[in-house]
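Now for the letters of each chain:
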Amino acid sequence: MINPLPRLPNFEYIRLDTIEATVQFLKEHASQTRAFLGGTDTFVAMRDRRLKPKYLVDLKHLAGFNTLHFDPGEGLTIGAAVCLNQLISAEAVKDNYPVLVEAAKHVGGYQLRNRATLVGNLCNASPCGDTIGPSILYNGIANIIGPGGKRIVPLEEFFLGPGKTILDEGEIVQAISFPLPPKGNKGTYVCIGRTKLADLAIAGVTVMGAPDQNAASGFCFRIALTAVAPTVILVDEAKRCLANQPIHAAVLQEAAQIAMDRCKPISDVRASQAYRREMVHNLTFLALQEVWSALEKQS
């Protein structure tokens, strides 16, 4: 089918020299402006006329936006303009935050990831965003700059709904910071789509586990569900289930059932509500088995 809207609507491209000038412009023209990094979602939405900004404000050149830095004592900082392929290929990220790398590989194809960014994927706030679950479970923090100055917000508090975040008018995310993960941690991201490559997730599950002397089981597990509710679901009930009793197959099944009961999927052209719920159970159980097996091997 020929695209009936093959061209972008008219807009003005804005590139200002400083962060201060940029956030002031975004504040003054809030209803007419869209900030962008890679533009992989923005330009598609504009082509389809779901977005019609008068101004597109480029953030890629701003100070600190292209930084990818790992400190063995502090953790990882990923600037807003760092593309996903840079993240995926960085040895420090692969060694210390492998689940983030695993999830990033699910975003589009290789060519798209040369433009797409972690911060863009997060700020898009899609319920099926692949990097959201791992970023939250790695305790990511958004470093935000706006007309009122700087603030930091845990990613667990960042998302308000589909396409909605806590960002106020004129605010932009300069970088995402991750503390060092717990020693001995293991994790995985699993999802299901209609195709194996470059498809949006129908259901996604992130599981992370680490030794925990304060838990009766000796371990702490965290589970994040994406694409099955307006925002990510952290399954705290399953976390308690896995902490309060010895780990075995039946307990993993119990935790998977809890995750299934907590999700709130919709039915659409891509999958039914019932199918998504079943996939949450199956994916959670498989992910828990994988993480538990990895933890057992190192204990």
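For clarity, every value in this text was computed on a predicted model and none was experimentally measured. (Residues numbered from 1 in each chain as written. Predicted model: local features only at pLDDT ≥ 70, side-chain atom pairs only at ≥ 80, totals over all residues. Heavy atoms only, no water.)

1. Examining the pairing of strand 10 (residues 172-179)
Within strand 10, 7 of the 8 residues are buried, which leaves the element mostly enclosed by the surrounding structure. Where strand 6 (residues 141-146) meets strand 10, 5 bridges bridge the pair, whose relative direction is antiparallel. Within strand 10, the position partnered with Asn-143 by the bridge is Ala-175. (Buried < 20%, exposed > 50% of the residue type's maximum accessible area, 1.4 Å probe, protein only. Helix = DSSP H or I, 4+ residues; strand = E, 2+ residues; numbered from the N terminus. Pairing = 2+ DSSP bridges.)

2. Quick notes on the sheet that holds strand 12 (residues 203-211)
With antiparallel pairing, 4 strands are arranged side by side in an open sheet as 11-12-13-14. The two strands at the open ends of the sheet, each matched to only one other strand, are strand 11 (186-192) and strand 14 (233-234). Here strand 11 runs beside strand 12; their pairing, made up of 7 bridges, is antiparallel. The partner of Gly-187 across the bridge, within strand 12, is Met-208. Contacts from helix 9 (residues 236-243) reach strand 13 (219-226) and strand 14 within the one sheet, and its direction differs from that of strand 13 by about 155 degrees. The sheet contacts of helix 11 (residues 273-298) involve strand 11, strand 12 and strand 13, and relative to strand 12 the element is tilted by about 25 degrees. (Contact = heavy atoms within 4.5 Å. Axes fitted to C-alpha atoms, helices over the stretch in contact; angles between N-to-C directions.)

3. Remarks on the domain arrangement of the chain
Domain annotation for the chain reports domain 1 (12-58), domain 2 (68-179) and domain 3 (186-298). A C-alpha centroid distance of 19 Å is found between domain 1 and domain 2. Taken together, the 11 residues of domain 1 in the interface contact 16 residues of domain 2. Considering only the side of domain 1, the residues that lose the most area to domain 2 are Val-23, Leu-37 and Thr-40, jointly responsible for 40% of the buried surface there. Inspection of the domain 1/domain 2 interface yields 0 salt bridges. Counting every contact that joins domain 1 to domain 2 gives 2 residue pairs in polar contact (both at pLDDT 80 or more). Secondary structure elements with two or more residues in the side of domain 1 that touches domain 2: helix 1 (19-28) and strand 2 (33-36). (Domains from an automatic or database assignment. Buried area = accessible area lost by both parts, 1.4 Å probe. Salt bridge = Lys/Arg side-chain N within 4 Å of Asp/Glu carboxyl O. Polar contact = N/O pair within 3.5 Å; in protein donor to acceptor, adjacent residues only side chain to side chain.)

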